[in-house]
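Listed below, chain by chain, are the residues.
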Amino acid sequence: MDVRKLRDSLARRSMFTLSVAVLSLSFLMALGLYQRSRPVLDRISLRELLFSTLWQPAQGHFGLGAFIAGTLWVTAIAMAIAIPLSLLTAIYLSEYAHRRTRDLAKPVVDLLAGISPVVYGVWGVVAVVPLVRDHLMPFFSARFPFFPFRSDNFTGYCALSGGIVLALMISPIIISVTDEVLRTVPQAIREASLSVGATRWQTVKHAVLRKARIGITAAVILGLSRAFGETMAVLMVCGCAMRVTPHSVFDAAYPLPALIANTYGEMMSIPLYDAAVLMAALVLFAVTTLFNMAGWGILLRFESGDM
Amino acid sequence: MNVEYRMEEIQLEAFPHIQVQHLTVAYGGHVALDDISIDIPERCITAIIGPSGCGKTTLLKSFNRLIDLQDEVTVKGRILIDGEDIYDPRTDVSALRKKMGLLSQRPQVLPMSIYDNVAYGCRIHGIKSRRTLDKIVERELRSASLWEEVKDRLRSPAARLSIGQQQRLCLARGLAVEPEVILGDEPTSALDPLSAERIERKFLELKKDYAIVLVTHIIRQARRLADYVIFLYLGKLIEHGPADEVLNRPKHAKTRAYLSGHFIEDASP
């Protein structure tokens, strides 16, 4: 056979094999986690594992409820801060800013996206935690003594600190992707809207964002997934107090990734401990996958409506 | 001299709606329009012709200040519309653009339903009443001869229409805000011949009520539609006058060369 054709077929096959290997890796990971958490799943019902907040490994109680609640709580706070911050910044950069401002700001944003999480964590400890402890917590807890502000945690290590650090970590990604998405909106759409007398903001709100909403949703999901699995930052500033279900943004939270990073490899003498921690990893894996799938499901529905 | 005389005749019939005075537009260092002065008559179709890159679209988009969107653009000179300089810093740009309806090269429907596309401009300008909007949408769709085709699916996305229907929808959207001038930037260039003809017929109807400025690279289209013709070449105004004059008895060698399809470089001045 011709050598060129042989190479071609070889290239195709090896690329196919590699793609399959990469794709099957996620299935293998899920399978592996499931296998290793079998022991705890066999003893304790799934319901108790997911919803019980009783975590006493020595007594054989492995309720992940508090950790799952902690993860959701911190992520929700992070997204509540990050979404408006990122979208408005991206809109400014793509729709309003002068080209030179944009050319200057874009590399800085991309740089922020690439900084190691541990740096954000340290920054959280030295800057965000004192801010929350000395100013935000005393102010809000005293003036608004109700959900979600009432708390008796005066340390500053809390869900809000974690949320702020996470928000600043994921914002650069959301900004960067959203800005790219907005730039793919045809200029003619803006011209069409402006030429019936719409202002810039009306054009952005009614025409540009509408056209770009699929891509923006994707950008937000990307940020959400990252926030969900982020470990280092939450480990360092969330407080990580055991057996606490947060009732306030100022309560300590103990998200799943922090639990896994903190405890896996230690205290292995306790029976079922490692199985329970791997179960936590499986839950994290499943929830992240679910969020992604829900997100893409929304995208596909938008697309089939070809708006 | 003959041309000058005829021009005055047209001006006597109609007050010049757009007056361009010593307009120079540059993008960065590149001069796109060089010292253009011209009056554009009311209730006429004015065609801007010339080879690609001659500044046709720039001239058109300077009328509704869409060139403001370009980076590093500088504008010198004045454009008077209804006697007011639109490049005055006090000008309300949105109000100006509402006056100048634009039909672009490729139909650009907004990402929403057919109904919402037509109602878009009215809603922007604060009309909320359902009944008023229904009336406007029906009137404009009928006037763009699109009503019969879409009346049963007003709620479906505008992107599902054919290209020809989309362009008529864009026309309806532009007319819904009751502009004074219609600007067309090669509005038939993306359309099939039949749809193009419908748009052309529509333009001939509309010129009873509007001043229409049409950028075109199709000389036959200019012959069919235009009352007045402007010929631009490399950002310079070479010749302008009544259509019959410019298209059939061009005075300038460059115009002659362009109209007969020769390379303009070859034409002796």
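Everything below is about the structure shown above.
Undergrad: What's the story with the side chain of N153(A) in this structure? I'm lost.
TA: Residue and element names in this part refer to chain A. Note that N153 resides in the loop between helix 5 (117–143) and helix 6 (159–184). Of the polar contacts made by the side chain of N153, one reaches the backbone oxygen of Y157; its length is 3.1 Å. A distance of 3.0 Å separates the side chain of N153 from the backbone oxygen of F250, its partner in a polar contact. Every residue in contact with N153, bar those within four places of it in the chain, is listed here: M137, C158, F250, D251 and A252.

Undergrad: What should I look at first to understand the packing of aromatic side chains in this one?
TA: Describing an aromatic ring pair means giving the distance of the ring centres and the angle of the ring planes. Per the counting criterion, the structure on display carries twelve aromatic pairs over all chains. Pairing W55(A) with F62(A) gives two aromatic rings, centres 5.6 Å apart and planes at 80 degrees, and the pair type is edge-to-face. We classify W55(A) as buried; its relative accessible area is 2%. Given the relative accessible area of 1%, F62(A) is considered buried. Put simply, the rings of W55(A), F62(A), F67(A), Y254(A) and Y273(A) touch in pairs and so form one group of aromatic residues. The aromatic ring of Y96(A) is capped on one face by R200(A), whose charged end is 5.9 Å from the ring centroid. Lying over the aromatic face of Y115(B), R155(B) brings its terminal NZ or CZ to 4.3 Å of the ring centre.

Undergrad: Just checking my understanding: could you explain the packing of helix 3 (residues 65–96) of chain A against helix 6 of chain A for this structure?
TA: Each pair of packed helices gets described by two things: the angle between the helix axes and the distance between those axes. All names here are of chain A. Relative to each other, helix 3 and helix 6 sit at 35 degrees, their axes nearing to 6 Å. Crossing hand, helix 3 versus helix 6: right-handed. Looking at the contact of helix 3 with helix 6 residue by residue, the classes come out as 21 nonpolar, seven polar and three charged.

Undergrad: So what exactly am I meant to see when it comes to the interface of chain B and chain A here?
TA: Note on interface size: it is often stated as the accessible area lost on association of the parts. Between chain B and chain A, the contact holds 27 residues from the first and 26 residues from the second. Roughly 2200 Å² of surface becomes buried between chain B and chain A when both sides are summed, with 59% attributable to carbon and sulfur atoms. At the junction of chain B with chain A, the criterion picks out three salt bridges. For R99(A), the salt bridge is made with D71(B), and the minimal N-O distance between the two is 3.9 Å. Here chain B is connected to chain A by five residue pairs in polar contact (both at pLDDT 80 or more).

Thresholds applied
Numbering of residues starts from 1 in every chain and runs along the sequence as written. Chains and ligands are labelled by the order in which they are written, letters from A for the one and numbers from 1 for the other. In keeping with the predicted nature of the model, local features appear solely for residues at pLDDT of at least 70, side-chain atom pairs appear and are counted solely at 80 or more, and the whole-chain, interface and lining totals rest on all residues. Each side-chain value is derived from all of the structure's non-hydrogen atoms; neither hydrogens nor water enter the calculation. Numbering of helices and strands runs from the N terminus, with a helix taken as a DSSP run of H or I at least four residues long and a strand as a DSSP run of E at least two residues long. Polar contact criterion, stated in full: a pair of N or O atoms within 3.5 Å, where within protein one must be able to donate a hydrogen and the other to accept it, and residues adjacent in sequence count only if both atoms are side-chain atoms. Contacts are assigned to residue pairs with any non-hydrogen atoms lying within 4.5 Å of each other. Any pair of Phe, Tyr and Trp rings, taking the six-membered ring for Trp, is counted once the centres come within 6.5 Å. Such a pair is stacked with planes under 30 degrees apart, edge-to-face with planes over 60 apart, and tilted for the rest. Note on classification: 1.4 Å probe, protein chains only; a residue is buried when its accessible area is under 20% of the maximum for its type, exposed when over 50%, partly exposed between these limits. In this scheme, Lys NZ or Arg CZ marks a charge over a ring once it lies within 6 Å of the ring centre and within 35 degrees of the ring normal. Axis lines are fitted through C-alpha atoms, for helices just across the contact stretch, and the angle between N-to-C directions can take any value from 0 to 180 degrees. Should the near helix be turned counterclockwise from the far one by less than a right angle, the crossing is left-handed, whereas a clockwise turn marks it as right-handed. Each residue gets one of three labels, nonpolar for Ala, Val, Leu, Ile, Met, Phe, Trp, Tyr, Cys and Pro, charged for Asp, Glu, Lys and Arg, and polar for the others, Gly among them. What gets called buried area is simply the loss in accessible area from a 1.4 Å probe that two parts show on being joined, summed for both. By convention in these notes, a salt bridge is any Lys or Arg side-chain nitrogen within 4 Å of a carboxyl oxygen on Asp or Glu.

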